[in-house]
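Reading the structure
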Amino acid sequence: MRLVERPVPVPGPGQVRVRLARAGVNPTDWKARADVSSAMGFAEVTPGQDGAGVIDALGTGVPGLAAGDPVWLYLAQHGLPYGTAAEYCVLNWRRAVHLPDSLPGAFDLGACLGVPAITAHRALTSGPHASRLGPGSLAGQLVLVQGGAGAVGNAAIQLAVWSGATVLTTVSSAAKAALATAAGAHHVVNYRTQDAGLVIRQLAPDGVDLIAEVSPAVNNELDVAVARNGATIAIYATDGGDTFPVEIRRTFGLNLRYQFLLLYTLDPAHLEAAAEDVTAAVAAGALRAGEKAGLPLHHYPLAETAAAHDAVERGVVGKVLIDIAPAP
């Protein structure tokens, strides 16, 4: 990757142009760069699915948005050559969502949403109990978030708590336990120092209702052991391996549901519902970013986008942001 100057893009029909303040970096960004086929035939690609900034131009046929509106972006580069690691980004208007900007650090928070928050939303709504999130929608539910110190795990904890669930989460260190607690988790289990299955069963004798799973190849045995009859295991990543065995008789005896999810191929209706609910959580102050919310922020200037990607690939704890301009 290198920093270059390019003409300011012009939005076409159904598109908006956003002047970026922040861009978020996700594992999907560096993984896409590792896959040559991800260039999709484009001669040049600017990475970045997530970001936040201000709309400064609109194409024809764009409802409900206006120049000057603060917005957060999701899947900005999907199917397009140019994403959010740039001063300006042009994208479909549906992927530019009104950002409540009255809170301090709104553009930092906006760039933290996108992939992590929408993934967390889909995981939490993949069971039979709630198709949307909001106060009371997960009341009475026990949710297990595997990897509560990750970006998706952090969003899942905050959204589940906002929706009324009791949240259990697993972590691998005392420092990560502190972050998961800051996010609002009711019970935190350190799987390196505790028998996770035993502790979770003590906390949830009848099992948990829904599991947001980042590492199925490692955790499937634990997931099945702590799942309630009829539970849902929502799988959104392949950390720790690409395959895992399923003990069929035991699994169907528990009436378990596996829900695999990938944002890039997700039904647009799920994406739009998630964007609405995530924005409502932000407006309510229920979805936050920063150390006090369990998601430390790591800032890089635009010229150091490659270093930002390297930090995510190395597994830095927290959220990596690219500072493109002072927050408007």
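Our subject is the structure listed above.
Residues numbered from 1 in each chain as written. Predicted model: local features only at pLDDT ≥ 70, side-chain atom pairs only at ≥ 80, totals over all residues. Heavy atoms only, no water.

1. A closer look at the nonpolar core
- Core analysis: the largest hydrophobic core is formed by 58 residues, its most contacted members being W72, Y74, L113, L124, L159 and L287.
- The dominant element in this core, judged by the number of residues it contributes, is helix 4 (residues 151-162), at seven residues.
- Residue contacts for L159: discarding those within four places in its chain leaves A117, A120, H121, L124, L133, A281 and L287.
- Counting residues in each nonpolar core, the second largest holds 23 residues, with I55, L65, V71 and A96 among its members. (Core = buried A, V, L, I, M, F, W, Y, C linked by side-chain atoms within 4.5 Å. Buried < 20%, exposed > 50% of the residue type's maximum accessible area, 1.4 Å probe, protein only. Helix = DSSP H or I, 4+ residues; strand = E, 2+ residues; numbered from the N terminus. Contact = heavy atoms within 4.5 Å.)

2. Concerning the pairing of strand 7 (residues 166-171)
- Counting buried positions along strand 7 yields five of six residues, so the element is predominantly enclosed.
- Bridging between strand 6 (residues 142-146) and strand 7 involves five bridges; their strand directions are parallel. Across the sheet, residue L142 finds its bridge partner in strand 7, namely T166.
- Taken together, strand 6, helix 4 and strand 7 form a β-α-β motif whose crossover is right-handed. (Pairing = 2+ DSSP bridges. Right-handed = clockwise from strand over helix to strand, strands pointing away.)

3. Some points on the environment of P27
- By secondary structure assignment, the location of P27 is in helix 1 (residues 27-34).
- In this structure the C-alpha to C-alpha distance between P27 and D310, which are 283 residues apart in sequence, comes to 9.8 Å.

4. A short note on empty space enclosed by the protein
- Taken as a whole, this structure holds three cavities of 30 Å³ or more when the rule is applied.
- The computed volume of the largest cavity comes to approximately 60 Å³.
- Every element with two or more residues in the lining of the largest cavity is listed here: helix 2 (106-112), helix 3 (114-124) and helix 4.
- In terms of residues, the lining of the largest cavity owes the most to one element, helix 4, which gives four residues. (1 Å grid on protein atoms, 1.4 Å probe; cavity = no way out; pocket = protein on both sides within 12 Å on 5 of 7 lines; lining within 4 Å. Points joined across faces, edges and corners; volume = space filled by probe spheres on them.)

By themselves, these figures tell us nothing about what the structure is for.
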